[in-house]
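Understanding the architecture of this molecule
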Amino acid sequence: MSTIATAHIEIDENGVAWIDNTQVKVIEVVIDKIVHGSSPEELNFQYPHLSLAQIHAALAYYYDNQTALDAEIERRWREADGLAQKISDSPLRQRLLILKEARTKVKASVITYRRRKTHDTWHWCKNCSTWPTTDYEESFSRPAAGELCNECHGKQRAGTCHQ
Ligand SMILES: [Zn+2]
């Protein structure tokens, strides 16, 4: 028996979210989105049998349930890590390596902002010469108030920012 979570998304008895009756799991689309940084239109190109509405519904479901789905993706990646060590060279291994890289990207996409409690400037590059290591406060979303560090901006533009 399955229940309908929202338009286009069905949850099976194991709590797994599927896109309508397409044999495609929400998590598969989400992993492709993360691995390739795909837009809904690009995902539509990868999954031509899904409608754009179905893809948007899958992504909306992901954002509504991000904590649980991220935990599941993490679990898969940990499994993939273990597998990758056993498999020497195969297309599967290539895919797993891509997943592993994507995992790093996901981690990096959660930006930590820090500022010293006595200063008004937020930093987000850990290699900034004034990255606060003591007496700081942290924010995990873009700070609404305060200045953003020029050096961090420069590093980000140059692609040398270590987040
Ligand atoms: Zn900085």
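Only a predicted model underlies this, so the values are computations on that prediction, with no experimental measurement involved.

1. What about the overall build of the protein chain?
- In terms of helices and strands, the protein chain carries six helices and seven strands.
- Of the regular secondary structure in the protein chain, the N- to C-terminal order runs β-β-β-α-α-α-α-α-β-β-β-β-α.
- By residue count, 18% of the 163 residues in the protein chain fall in the buried class.
- Put simply, of all contacts in the protein chain between residues at least 6 apart along the chain, 46% involve residues at least 24 apart.

2. A word on unusual backbone geometry
- Not every positive phi belongs to a glycine, and His 8 is a case in point at roughly 80°.
- Mapped onto the secondary structure, His 8 falls in the loop between strand S1 (3–6) and strand S2 (9–11).
- Judged by local crowding, His 8 falls into the buried class, with 21 C-beta atoms found within 10 Å.
- Phi is positive for Asp 135, close to 55°, though the residue is something other than glycine.
- Summarising the element assignment, Asp 135 is placed in the loop between strand S5 (121–122) and strand S6 (136–139).
- Classification of Asp 135 by C-beta neighbours within 10 Å gives exposed; the count is 9.

3. Considering the packing of helix H1 (residues 26–36) against helix H3 (residues 52–64)
- Direction vectors running N to C along H1 and H3 enclose 90°, while the axes themselves pass 9 Å from each other. Overall, the two elements H1 and H3 adopt an arrangement that is roughly perpendicular. In contact with Val 26, Val 29, Val 30 and Lys 33 of H1, H3 contributes Ile 55, Ala 58, Leu 59, Tyr 61 and Tyr 62.
- Class assignment of the residues belonging to the contact of H1 with H3 gives a composition of eight nonpolar, no polar and one charged.

4. Looking at the nonpolar core
- Ile 9, Ile 19, Val 26, Val 29, Ala 58 and Tyr 61 are the most contacted members of the largest nonpolar core, which totals 14 residues.
- With five residues, the top contributor of residues to this core is H3.
- The residues touching Ile 19, leaving out its near neighbours within four places in the chain, are His 8, Ile 9, Val 24, Val 26, Leu 50, Gln 54 and Ala 58.

5. A few points about H3
- The end-to-end C-alpha separation of H3 is 18 Å, in line with the 18 Å expected for 13 residues at 1.5 Å each.
- All of the buried residues in H3 are Gln 54, Ile 55, Ala 57, Ala 58, Tyr 61 and Tyr 62. Considered in projection along H3, the buried side chains sweep an arc of 160° and stay on one side of the axis. Seen from the open side of H3, the exposed residues pointing more than 90 degrees away from its buried face are Leu 52, Tyr 63 and Asp 64.

Cut-offs used in this document
Residues numbered from 1 in each chain as written. Predicted model: local features only at pLDDT ≥ 70, side-chain atom pairs only at ≥ 80, totals over all residues. Helix = DSSP H or I, 4+ residues; strand = E, 2+ residues; numbered from the N terminus. Buried ≥ 20, exposed ≤ 12 C-beta atoms within 10 Å, placed from the backbone. Contact = placed C-beta atoms within 7 Å. Axes fitted to C-alpha atoms, helices over the stretch in contact; angles between N-to-C directions. Parallel < 35°, antiparallel > 145°, perpendicular 65-115°, else oblique. Nonpolar A, V, L, I, M, F, W, Y, C, P; charged D, E, K, R; others polar. Core = buried A, V, L, I, M, F, W, Y, C linked by C-beta atoms within 7 Å. Expected span 1.5 Å × (residues − 1). Arc of directions from axis to C-beta.

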